[in-house]
Amino acid sequence: MIALGKLFQFLMLPLAFLWEGYYRIRRFFYTYGYLNQNVFQVPIVSIGNLTFGGTGKTPFTLWLSEFYARHDMKIMILMRGYKGKLEKSSGILRGGRKLGYNPFDYGDEPLLLARRLEKASIVVGRNRSDNLRYYFANEKPDVVLLDDGHQHLKLYRDLNIVLFDALMPIDRYKVAPLGYMREGFSALKAADLVVIGRSDQALREDIDSLKDLVKKYAPPGTIFAEIGYRPSGVYNARTSKKSDVQMLQGRKVICLAGIASPVSFYALVESLGADLIERHTFPDHHYFTGEEVKEIIDQAKERDALVLTTEKDMVKLRRVTDDEAIHYLEINVVFLDGAKETEALLLKAAKR
């Protein structure tokens with residue numbers, strides 16, 4: 001097996017070299033003006049990563065939006081709206097509405113943000129520069145958040161935030177197809193803030209190893225922060241709070257997840273004292289069918305268990321069920337280190 005693994009790595013080296021070379025050349029052209037960036041007279045904050053999904057960009061974008069809202073700033077969030085019908089065109093959601101938006105049109109993550117945020121506007125569509133230009137005059141945001149923006153170089157940004165997952169093994173930090181990186185560490189030259197997510201679930205030595213690796217490539221003076229994700233309550237399919245998380249202690253639970261990092265979700269549920277008897281894992285951004293969900297709900301009722309899912313999955317599940325057996329965890333970001341430095345940096349960027 002070891003020999004086969006080494007042979008695979010040897011065969012994939014040329015592809016990895018070409019992959020990383022493409023991104024390096026592309027970033028070089030934008031950095032030195034050979035390709036033009038669109039510049040807007042509004043502060044733009046990018047939230048991105050170097051790996052393929054699963055670093056917690058959506059909850060961190062939610063935290064950022066709430067932070068700026070507390071400072072009386074109006075927020076616009078530019079998102080791709082992955083797998084939504086409007087991904088290839090554009091659409092807008094306005095915060096504070098819990099009903100009426102269709103995840104098949106907008107995607108799951110924009111609906112989650114629209115439900116949780118009161119005053120933000122969420123614009124979906126992969127051509128984010130054109131969408132910002134189209135909606136800017138009407139929305140007049142004070143700050144624009146560019147979701148999954150580290151590779152979206154066409155749009156100039158005032159602050160680059162790069163997220164990492166503390167639970168991802170160090171040996172997976174290789175450029176595809178050798179590892180899980182979509183862009184090499186050289187892309188960290190543009191980073192202003194590095195956020196290590198899921199630090200509350202990782203070993204201290206693993207966090208320090210990851211930070212040491214990132215510091216080799218990040219610019220001098222880059223700020224580092226560590227965050228975790230704290231559940232604030234258990235909610236039902238109608239988005240009404242059912243109970244505090246203490247209700248899960250000793251309770252039989254069947255988990256249902258269609259996210260990039262389901263293992264961390266399962267670990268979180270178990271850490272709350274739940275008796276996790278079944279795990280149903282689907283691909284990231286999966287659109288559930290009524291038959292899939294009914295089978296799981298029937299199983300839960302037979303075993304006197306609670307079906308528990310993520311908030312992102314719930315926005316899609318609501319289209320096929322409002323059964324009282326299914327609930328979701330609402331998750332909020334909590335800073336473990338670097339909170340003051342992060343907030344000062346964010347306010348500085350917003351004053352441009």
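Residues numbered from 1 in each chain as written. Predicted model: local features only at pLDDT ≥ 70, side-chain atom pairs only at ≥ 80, totals over all residues. Heavy atoms only, no water.

With respect to the packing of aromatic side chains
- Applying the stated rule across the entire model yields 20 aromatic pairs.
- Aromatic side chains W63 and F335 sit 4.8 Å apart centroid to centroid with 55° between the ring planes, which places their arrangement in the tilted category. Of this pair, W63 sits in helix α2 (residues 57–70) while F335 sits in strand β13 (residues 326–337), placing them 272 residues apart in sequence.
- An aromatic cluster of three or more residues is present, and its members are W19, Y22, Y23, F52 and Y180.
- The side chain of K316 reaches across the aromatic face of Y287, ending 5.7 Å from its centre. (Phe/Tyr/Trp six-rings, centres within 6.5 Å; stacked < 30°, edge-to-face > 60°. Helix = DSSP H or I, 4+ residues; strand = E, 2+ residues; numbered from the N terminus. Lys NZ or Arg CZ within 6 Å of the ring centre and 35° of its normal.)

Details of the layout of surface pockets
- Considered as a void within the structure, the largest pocket measures approximately 1200 Å³ in volume.
- Those elements that provide at least two residues to the lining of the largest pocket are α1 (2–31), α2, α4 (108–116), α7 (262–271), α9 (311–317) and β13.
- If you add up the space inside the second largest pocket, you get close to 420 Å³.
- R27, F28, T31, K189 and A190 are the residues nearest the centre of the second largest pocket, which is lined by 14 residues in total.
- Counting residues per element, the lining of the second largest pocket draws most heavily on α1, which supplies 5 residues. (1 Å grid on protein atoms, 1.4 Å probe; cavity = no way out; pocket = protein on both sides within 12 Å on 5 of 7 lines; lining within 4 Å. Points joined across faces, edges and corners; volume = space filled by probe spheres on them.)

Considerations on the nonpolar core
- Counting 59 residues, the largest nonpolar core has F60, Y68, I161 and L329 as its most contacted members.
- No other element matches α2, which puts 6 residues into this core.
- In contact with F60, other than residues within four places in its own chain, are I47, I161, L163, V195, I227, V333 and F335.
- Counting 20 residues, the second largest nonpolar core, distinct from the first, contains F185, A191, V194 and L213. (Core = buried A, V, L, I, M, F, W, Y, C linked by side-chain atoms within 4.5 Å. Buried < 20%, exposed > 50% of the residue type's maximum accessible area, 1.4 Å probe, protein only. Contact = heavy atoms within 4.5 Å.)

Remarks on the environment of C255
- Checked against the element boundaries, C255 lands in strand β10 (residues 252–257).
- Looking at C255, the relative accessible area reads 0%, which means it is buried.
- With 53 residues separating them in the primary sequence, C255 and L308 have C-alpha atoms 4.9 Å apart.

Points about helix α6 (residues 204–215)
- If you check α6, its first and last C-alpha atoms are 16 Å apart, about what 12 residues at 1.5 Å a residue would give, namely 16 Å.
- Of the positions making up α6, those classed as buried are I207, L210, K211, L213 and V214. End-on, the buried residues of α6 take up no more than an arc of 160°, which puts them together on one face.
- Along its buried surface, α6 packs onto β6 (159–165), β7 (193–197), β8 (223–236) and β13. (Expected span 1.5 Å × (residues − 1). Arc of directions from axis to C-beta.)

A word on the packing of α2 against α4
- Relative orientation of the contacting elements α2 and α4 amounts to 30°, with a least axis distance of 11 Å. Considering the angle they form, α2 stands roughly parallel to α4. Handedness of the crossing formed by α2 with α4: right-handed. Across the interface between the two elements, T58, T61 and L62 of α2 pack against E109, L112, L113 and R116 of α4.
- Here the residues of the contact of α2 with α4 sort into 3 nonpolar, 2 polar and 2 charged. (Axes fitted to C-alpha atoms, helices over the stretch in contact; angles between N-to-C directions. Parallel < 35°, antiparallel > 145°, perpendicular 65-115°, else oblique. Left-handed = near helix turned anticlockwise from the far one by under 90°. Nonpolar A, V, L, I, M, F, W, Y, C, P; charged D, E, K, R; others polar.)

Some remarks on α7
- Where α7 is concerned, the buried positions are P262, S264, F265, Y266, L268 and V269.
- Elements in contact with the buried residues of α7: β8, β10, β11 (275–281), β12 (306–310) and β13.
- With its phi angle positive at about 95°, G273 sits one or two positions after the end of α7.

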